[in-house]
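In case you want the letters, here they are:
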Amino acid sequence: MIKLDPFYQAFLRTRFDQDGGNRNGVFSFDKGHDLNLLLQFLVKPKPPGFKGQYYGAETFRIAVPAMEHKNPDTYNYLSEDRQLILVKRILRYWKMVSHDIITEGRRRGIEKKDMVYMILDELDLPEYYADRIEREYSRYLHEERNRKYIKRHREMLKNVKCLSVRRGKNESA
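Residues numbered from 1 in each chain as written. Predicted model: local features only at pLDDT ≥ 70, side-chain atom pairs only at ≥ 80, totals over all residues. Heavy atoms only, no water.

Some details on helix 1 (residues 6–15)
In step 1: Counting buried positions along helix 1 yields 7 of 10 residues, so the element is predominantly enclosed.
In step 2: Among all positions of helix 1, only Phe7, Tyr8, Gln9, Ala10, Phe11, Leu12 and Arg13 are buried.
In step 3: You can read the cap of helix 1 off the contacts: a side-chain oxygen lies 2.7 Å from the backbone nitrogen of phenylalanine 7, and it is on aspartate 5.
In step 4: Remark: aspartate 17 follows helix 1 within two positions and exhibits a positive phi of approximately 50°. (Buried < 20%, exposed > 50% of the residue type's maximum accessible area, 1.4 Å probe, protein only. Helix = DSSP H or I, 4+ residues; strand = E, 2+ residues; numbered from the N terminus. Polar contact = N/O pair within 3.5 Å; in protein donor to acceptor, adjacent residues only side chain to side chain.)

Below, the structure is given as structure tokens:
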């Protein structure tokens, strides 16, 4: 079990075509998926006397995959630090998927409100996450502007350095 925001739980369940009712709500990644391989790497034997933690609505049960050199009955524990690593990777995966959809939609001239509902439809997420998708869209635009600004700024600095080097050569001649 890991602590994961219900939004990301819904995203993973729809992205991997799993509803919450299968196998008592236990989620499993596709075999060979990057997140599945990371989970295999992160699990370790459960410490003696450890009782599973319950995080309320944020509790997300993930099935430990069958592994060649680790028995899932023994290797089924994630420490707080290892949970954080997995959650960060899940957030990165969400960002990658959503930004791909946003980029493609912007290329086709889709407006913000339409884009939000297109993402909800594309990822099969409930409509009550529209505000959250809209915030992600705004973050994407902000990051994109910053990336373009930094790129332009670096190019200007290169040009200034080239000019100053040229002036230095002309003055010494």
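That shown, we press on.
Re the packing of aromatic side chains
In step 1: Counted according to the given criterion, the structure contains 11 aromatic pairs.
In step 2: Between phenylalanine 16 and phenylalanine 29 the ring centres are 5.6 Å apart and the planes differ by 80°, which places this aromatic pair in the edge-to-face class. Separated by 13 residues along the polypeptide, phenylalanine 16 in the loop between helix 1 and helix 2 (34–42) and phenylalanine 29 in the loop between helix 1 and helix 2 bring together distant segments of the chain.
In step 3: By relative accessible area, which is 6% here, phenylalanine 16 ends up buried.
In step 4: Judged by centre distance (4.7 Å) and plane angle (50°), the ring pair of tyrosine 128 and tyrosine 129 falls under tilted.
In step 5: Among the residues examined, tyrosine 128 registers a relative accessible area of 64% and is labelled exposed.
In step 6: Of the residues examined, tyrosine 129 reaches a relative accessible area of 11% and is grouped as buried.
In step 7: Through successive ring pairs, a cluster of aromatic residues spans Phe7, Tyr8, Phe11, Phe16, Phe27, Phe29, Phe60, Tyr93, Trp94, Tyr128 and Tyr129. (Phe/Tyr/Trp six-rings, centres within 6.5 Å; stacked < 30°, edge-to-face > 60°.)

Let's talk about the environment of tyrosine 117
In step 1: Here tyrosine 117 lies in helix 4 (residues 112–122).
In step 2: Residue class for tyrosine 117 comes out partly exposed when judged on its relative accessible area of 40%.
In step 3: For the pair tyrosine 117 and glutamate 134, spaced 17 residues apart in the sequence, the C-alpha separation amounts to 9.2 Å.
In step 4: When residues no more than four places from it in sequence are discounted, the contact partners of tyrosine 117 are Glu127 and Ala130. (Contact = heavy atoms within 4.5 Å.)

A closer look at a negative patch on the surface
In step 1: On the surface, Asp17, Asp30, Asp121, Glu122 and Asp124 cluster together into a patch of negative charge.
In step 2: Turning to its location among the elements, glutamate 122 is positioned in helix 4. (Patch = residues over 30% accessible without salt bridge, like charges linked within 9 Å, V, L, I, M, F, W, Y side chains within 5 Å. Areas by Shrake-Rupley, 256 points an atom, 1.4 Å probe, with all protein chains shown as cover. Salt bridge = Lys/Arg side-chain N within 4 Å of Asp/Glu carboxyl O. Lys, Arg positive; Asp, Glu negative; His and termini not counted. Charge placed at Lys NZ, Arg CZ, Asp CG, Glu CD.)

Details of helix 3 (residues 80–107)
In step 1: With 28 residues, helix 3 should reach 40 Å at 1.5 Å per residue; the first-to-last C-alpha distance of 40 Å fits that figure.
In step 2: Residues of helix 3 that are buried include every one of Gln83, Leu86, Val87, Ile90, Tyr93, Trp94, Val97, Ser98, His99, Ile101, Ile102 and Gly105, and no others.
In step 3: At the exit of helix 3 stands glycine 109, carrying a positive phi of roughly 80°. (Expected span 1.5 Å × (residues − 1).)

Considerations on unusual backbone geometry
In step 1: Not every positive phi belongs to a glycine, and aspartate 124 is a case in point at roughly 55°.
In step 2: Mapped onto the elements of the fold, aspartate 124 is located in the loop between helix 4 and helix 5 (130–172).
In step 3: Residue classification places aspartate 124 among the exposed positions, given a relative accessible area of 56%.

Observations concerning the nonpolar core
In step 1: Counting 39 residues, the largest nonpolar core has Ile2, Leu12, Phe29, Leu86 and Ile90 as its most contacted members.
In step 2: Of all elements in the fold, only helix 1, helix 2, helix 3, helix 4 and helix 5 reach the threshold of two or more residues within this core.
In step 3: Once residues within four sequence positions are removed from consideration, leucine 12 is found in contact with Leu4, Phe27, Phe29, Leu35, Phe60, Ile90 and Tyr93. (Core = buried A, V, L, I, M, F, W, Y, C linked by side-chain atoms within 4.5 Å.)

Thoughts on the packing of helix 2 against helix 3
Helix-helix packing is characterised by the crossing angle of the two axes and by the distance between the axes.
In step 1: Helix 3 packs onto helix 2 with a crossing angle of 175° between their chain directions and a minimal axis gap of 10 Å. With respect to their mutual orientation, helix 2 and helix 3 come out roughly antiparallel. On helix 3, the residues that touch Asp34, Leu35, Leu38, Leu39, Phe41 and Leu42 of helix 2 are Arg82, Ile85, Leu86, Arg89, Ile90 and Tyr93.
In step 2: Classifying every residue of the contact of helix 2 with helix 3 by side-chain character gives 9 nonpolar, no polar and 3 charged. (Axes fitted to C-alpha atoms, helices over the stretch in contact; angles between N-to-C directions. Parallel < 35°, antiparallel > 145°, perpendicular 65-115°, else oblique. Nonpolar A, V, L, I, M, F, W, Y, C, P; charged D, E, K, R; others polar.)

Coordinates in, geometry out; function isn't part of it.
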